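The primary structure of each chain is shown beneath.
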Amino acid sequence: MGTSPDRHARILIIGGGVIGTSVAYHLARSGEKDVLLLEKSQLTHGCTWHAAGLVGQLRGKRNLTRLMQNSVAVFDRLEAESGMAIDWKRVGSLRLASSPARWSEIRRSMTQAKSFGVECEDLSAGEAKRLFPFITTDSIEGAAFIAGDGYIDPYALTQAYARVARNGGVKIEEGVTVTGINIDGRRVSSVDTDAGTVGCDVVVNCAGVWAKRVGEMAGVGLAAGVVEHQYFVTEKKLEFDDSLTTLRDPDKNFYLKPDIGSFAIGGWEDGAPGCWRGKPPVDFGNELFAPNMERLELFAVPASERLPVLNEIGIQTVINGPIPVSADGEPVMGLAPELDNFFVACGFTAGIAASGGAGEAMANWILHGDPGMDLWAFDVRRFGAVHAQPVFLEKRAVEAYGAYYKIHWPGEEASAGRGLRRSPLYQPLKHAGASYGSKFGWERPNWFAPRGTQAVDQPSFEGKPNWFDAVGDECRAIRDRVAVIDQSSFSKLAVTGPGAYHALDRIASNRIPAEPGRAVYTQLCNPNGGIEADLTVVHTGPQQFLVVTGAGFAVRDRSWIERHLPSDGSAVLRDVTGAWATINLCGPHSMEVLRKLTDSGVDNACLPFLGASWLDIGLARALAVRIGYVGELGFELYVPQEYAAHVYEQIWAGGEEFGIVNAGYRAIESCRLEKGYLYWSSDIGPDVTPFEAGLGFCVALDKGEFIGGEALRRISKKGVERRMATLSMDGFVPLHGGEPISRDSGVLGYVTSAGYGHRLERTIALGYLPRELDDISAFEIEAFGRSYSAIRGARSPYDPRMQRLKA
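Residues numbered from 1 in each chain as written. Predicted model: local features only at pLDDT ≥ 70, side-chain atom pairs only at ≥ 80, totals over all residues. Heavy atoms only, no water.

**Q** Go over the overall build of the protein, please, and point to the residues and values.
**A** When helices and strands are tallied, the protein shows 19 helices and 37 strands. The C-alpha radius of gyration computed for the protein amounts to 27 Å, which stays within 12% of the reference 28 Å derived for 807 residues, consistent with globular compactness. Each principal axis of the C-alpha distribution contributes one length, and for the protein these read about 80 × 65 × 50 Å. Within the protein, the fraction of its 807 residues that count as buried is 61%. Sequence-distant contacts, at least 24 apart, represent 73% of the contacts inside the protein between residues at least 6 apart. Carbon and sulfur atoms make up 48% of the accessible area of the protein, which amounts to about 30400 Å² in all. (Helix = DSSP H or I, 4+ residues; strand = E, 2+ residues; numbered from the N terminus. Rg over C-alpha atoms; globule rule 2.2 N^0.38 Å. Buried < 20%, exposed > 50% of the residue type's maximum accessible area, 1.4 Å probe, protein only. Contact = heavy atoms within 4.5 Å. Areas by Shrake-Rupley, 256 points an atom, 1.4 Å probe, with all protein chains shown as cover.)

Following this line, the structure appears as structure tokens:
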């Protein structure tokens, strides 16, 4: 229960670990003095004090790598800035591959490092041993060395952040526990503590393992879990130089940090217990759990195989403590979608390494409304209520923890927390051979196994996965005959009311249809012209609109729209995803199939491209929208969930004479690449404008004021420095995204997404290239140590004039 504030702070940070103090440090460096950090115990007394302190920079995406690089830049200057020793040892990191599959994975990472600007050396087993003499070279296929990595003292780092923050005017109070958060509308008004109530303009939840508990005080569900993590420190009987590198051998499931005369060794074992369903007791403090020697053996024994010296020395200490792990193993950052002034920075499994860059991004977010780069992979809005549900969260967090050092295959799917959200077609499609994947809790058919084969993924880095031929058959059916795809996981948002049209027209960059019966493909842009969302808006009836977006973007896109709706209530948004199934009927014979099922007209005169109409199909009624993501004539049918099975059966019966097949999301991916269609989060995002992406046709510059309009008019007039290009290569090439695109002058860009086009029989890669190279068609793309010739062609290689789509 809130009371009148005893005092006020413009920005209140909850949590005094390495992340909270880093946010305070960066706010102070930006000139913010009215900042109060509250820590319930003492600084570092959550998880920071027992962290190992390894620092690695290379991640799977460019901006995430940039965030880690920004951390290293902070570490490089912090000692001089604070006047405190932080024991930052930039000794590099050595990663071993003890299996052929791991070597493929590491070589893929090294290729990405080149495009991300990270110096990375490819080493033989012998070269690796010269860097780390304690290892045996048995089974080592190769190794990667990143000289800019290292390790740091977590306690000293946190104290240094705090000193600079205090010197900049930040107040840090220890021994103050937050007991409640008071809400007024969509804003936190004050925070209750055991030392009084503090009014505030902004709250930042950096509460570490307590972040989920603090979030619930504000009505914010967070997918931030807690898992036990162990490492041990050997006896101090070893001799080595201070320059000895850190070591990781993921196949042996261990990491190693040199200590004074000893090694600190930890791992990421399967079966580590989740803790407290993500909500530790408030009074849990500077504590550890009892060691679990059976679990310790799961990485200690393999470590001793790689490091025989471990058989000669004992264990001095075992550290077993709680660490944050989110539902997908990545941090949770940003402005909570439920509130307008409640930020979160939690779920950091590798919080020490990320702290400098994360604090900088959060300070930018708080002060400028933008983190300074696209951080979607860390964004709080990638999760929804399904992920924050305690049992689901714990299952996913435990799986993410155990998978930390497992090989991450292209297209891999989570196995925990499955079977939760199912469309009415789940069982029929499973019976038909569907191999299911998971998105936002939904079960979605990825591909269909031919009769007599198992619907089980067998992925590959450098070869063709086992689903390759089956997906090819699905793609050819889409291109030549007719296919049906269950897309019920699509997020569907109803926007209604007398102000709905004008609100959406102001939010969207394209022109919203003024009359019912039409749809539009549009982006939602930020004030800088960057693409915040990529979606379809259907005008379904008077004052009624349906916004359709990807399954994983529901929270993000809903939040963006809601924040920009008029405050007078003239436009209201509701999430209706669960009410409607979505069945995609596509292919050159799709119109003939649909014509058999309804008395309504479905030809070009009655239902043209981007048209929308209510149809009776069999005994049911559906909204048919003539649009699709595969680049063929097709219809998305929005059907009440209870009628979906009936409509599917009608479609199947009507399509049998045309050779109808079921198709999945991997076929969609192949077809959309052939068409040059873009995917938000890979090909486009907040850092990309429609004009760079080749989406200028979606920007109605003449329609009046809209969000981003001023910036986009300026960009349209000035021109862009880079543009999306479509490249293709003969036959099958093992591209997965992130590969460097180069020419004689060096690296020019990187692949944003790639895959095989089964109709074109070529590998297709999308990526941004400098505008001055518009007339150049020949490039090179490197993958797994080999360079492939890539030819730039039309942005839409398949049906560039859209004749088939509009047939």
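Once the structure has been displayed, the description carries forward.
**Q** Give a description of unusual backbone geometry that names residues and reports values.
**A** The phi angle at Trp276 is positive, at roughly 55°, despite the residue not being glycine. Within the element layout of this structure, Trp276 appears in the loop between β15 (262-266) and α7 (293-306). At Glu761, a residue that is not glycine, the phi angle is positive and equals roughly 55°. Positionally, Glu761 belongs in the loop between β34 (746-757) and β35 (762-770).

**Q** Before we move on, can you summarise the sheet that holds strand β23 (residues 518-525) with the specific residues and values?
**A** Read from one edge to the other, the open sheet built from five strands follows the order β23-β24-β25-β22-β26, with strand pairing classed as antiparallel. The sheet is open, and its two borders are formed by β23 and β26 (572-575), each paired with just one other strand. Between one strand and the next, the sheet's axes are offset by a mean angle of 30°, whatever the strand orientation. (Pairing = 2+ DSSP bridges. Axes fitted to C-alpha atoms, helices over the stretch in contact; angles between N-to-C directions.)

**Q** For helix α1 (residues 18-29), give the residues involved together with the corresponding values.
**A** The terminal C-alpha atoms of α1 lie 16 Å apart, and with 12 residues this matches the ideal 16 Å at 1.5 Å per residue to within 8%. By the criterion of burial, α1 is predominantly enclosed, with 11 of the 12 residues buried. Looking at α1, one finds that the buried residues are Val18, Ile19, Gly20, Thr21, Ser22, Val23, Ala24, Tyr25, His26, Leu27 and Ala28. Buried residues in α1 make contact with β1 (7-14), β2 (35-39), α2 (62-82), α5 (154-167), β18 (342-346) and α8 (351-368). Note on α1: the residue one or two positions beyond its end, Gly31, has a positive phi of about 95°. (Expected span 1.5 Å × (residues − 1).)

**Q** Describe the pairing of strand β14 (residues 254-259), and please don't skip the residues or the numbers.
**A** Among the six residues in β14, five count as buried, and that is most of the element. Sheet analysis places strand β13 (residues 246-249) next to β14, joined by three bridges and oriented antiparallel. Among the inter-strand pairings, Asp249 is bridged to a residue of β14, identified as Phe254. Between the end of β13 and the start of β14, which pair antiparallel, lie four residues, with Asn253 showing a positive phi angle near 65°. Note: β14 against β15, five bridges, orientation antiparallel. For Asp259, the partnering residue across the bridge sits in β15 and is Ser262. From the end of β14 to the start of β15, which pair antiparallel, there are two residues, and Gly261 there has a positive phi angle of about 65°.

**Q** Could you give me a rundown of the sheet that holds β13, with the residues and numbers involved?
**A** Reading across from one edge, β5-β6-β4-β13-β14-β15-β12-β16 is the order of the eight strands in this open sheet, with mixed pairing throughout. Looking at the sheet topology across the chains shown, the edges are occupied by β5 (121-123) and β16 (315-326). Each strand of the sheet is rotated relative to its neighbour by a mean of 20°, with strand direction disregarded. Contacts between α7 and the sheet are confined to β4 (93-97), β12 (224-234), β13, β14, β15 and β16, with β12 contributing the most and set at about 45° to the helix.

**Q** Give me the lowdown on the packing of α5 against α8, citing residues and values where you can.
**A** At a closest axis distance of 11 Å, the pairing of α5 and α8 adopts a crossing angle of 20°. Regarding the angle of α5 to α8, the classification is roughly parallel. When you trace α5 past α8, the crossing you get is left-handed. Taken together, the residues of α8 that come into contact with α5 (itself represented by Pro154, Leu157 and Tyr161) are Ile352, Ser355 and Gly356. Among the residues forming the contact of α5 with α8, the class breakdown is four nonpolar, two polar and no charged. (Parallel < 35°, antiparallel > 145°, perpendicular 65-115°, else oblique. Left-handed = near helix turned anticlockwise from the far one by under 90°. Nonpolar A, V, L, I, M, F, W, Y, C, P; charged D, E, K, R; others polar.)

**Q** Describe in detail the side chain of Arg295, supporting the description with residues and values.
**A** Within the secondary structure, Arg295 sits in helix α7. Given a relative accessible area of 8%, Arg295 falls into the buried group. Within the structure, the side chain of Arg295 is placed 3.0 Å from the side chain of Glu228, a separation counted as a polar contact. A polar contact of 2.8 Å, which involves the side chain of Arg295, links it to the side chain of Glu269. Sequence-distant contacts of Arg295, defined by excluding residues within four places in its chain, comprise Glu228, His229, Gln230, Glu269, Gly271, Ala272, Pro273 and Asn320. (Polar contact = N/O pair within 3.5 Å; in protein donor to acceptor, adjacent residues only side chain to side chain.)

**Q** Just give me the short version of the pattern of salt bridges, but keep the residues and values in it.
**A** Taken as a whole, this structure holds 44 salt bridges when the rule is applied. In this structure, the salt-bridge partner of Lys89 is Asp87, at a minimum N-O distance of 3.5 Å. Two residues, Asp774 and Arg771, come together in a salt bridge whose shortest N-O distance is 2.7 Å. Residue class for Asp774 comes out partly exposed when judged on its relative accessible area of 25%. Put simply, Asp379, Arg381, Glu532 and Arg556 are held in one network by salt bridges that share partners. (Salt bridge = Lys/Arg side-chain N within 4 Å of Asp/Glu carboxyl O.)

**Q** Describe the nonpolar core, listing the residues and the values that go with them.
**A** Grouped burial of nonpolar side chains is what soluble globular proteins tend to show. Ranked by size, the top nonpolar core spans 52 residues in total, and within it Ile13, Val204 and Met333 carry the most contacts. Counting residues per element, this core draws most heavily on α8, which supplies nine residues. Formed by 37 residues, the second largest nonpolar core is a distinct cluster that contains Val191, Ala218, Val220 and Ala223. (Core = buried A, V, L, I, M, F, W, Y, C linked by side-chain atoms within 4.5 Å.)

**Q** An account of the packing of aromatic side chains is requested, with residue identities and associated values reported.
**A** Inspection of every chain in the model, using the stated rule, returns 29 aromatic pairs. Plain terms: the ring middles of Phe75 and Trp88 are 5.4 Å apart, the flat faces sit at 65° to each other, and that makes the pair edge-to-face. With a gap of 13 residues between them, Phe75 in helix α2 and Trp88 in the loop between α2 and β4 connect regions that are remote in the sequence. On the basis of relative accessible area, Phe75 is assigned to the buried category, the value being 1%. Aromatic ring contacts, followed pair by pair, group Tyr255, Trp268, Tyr401, Tyr404 and Tyr405 into a single cluster. The ring of Trp210 carries the charged tip of Lys40 above its face, separated from the ring centre by 4.1 Å. (Phe/Tyr/Trp six-rings, centres within 6.5 Å; stacked < 30°, edge-to-face > 60°. Lys NZ or Arg CZ within 6 Å of the ring centre and 35° of its normal.)

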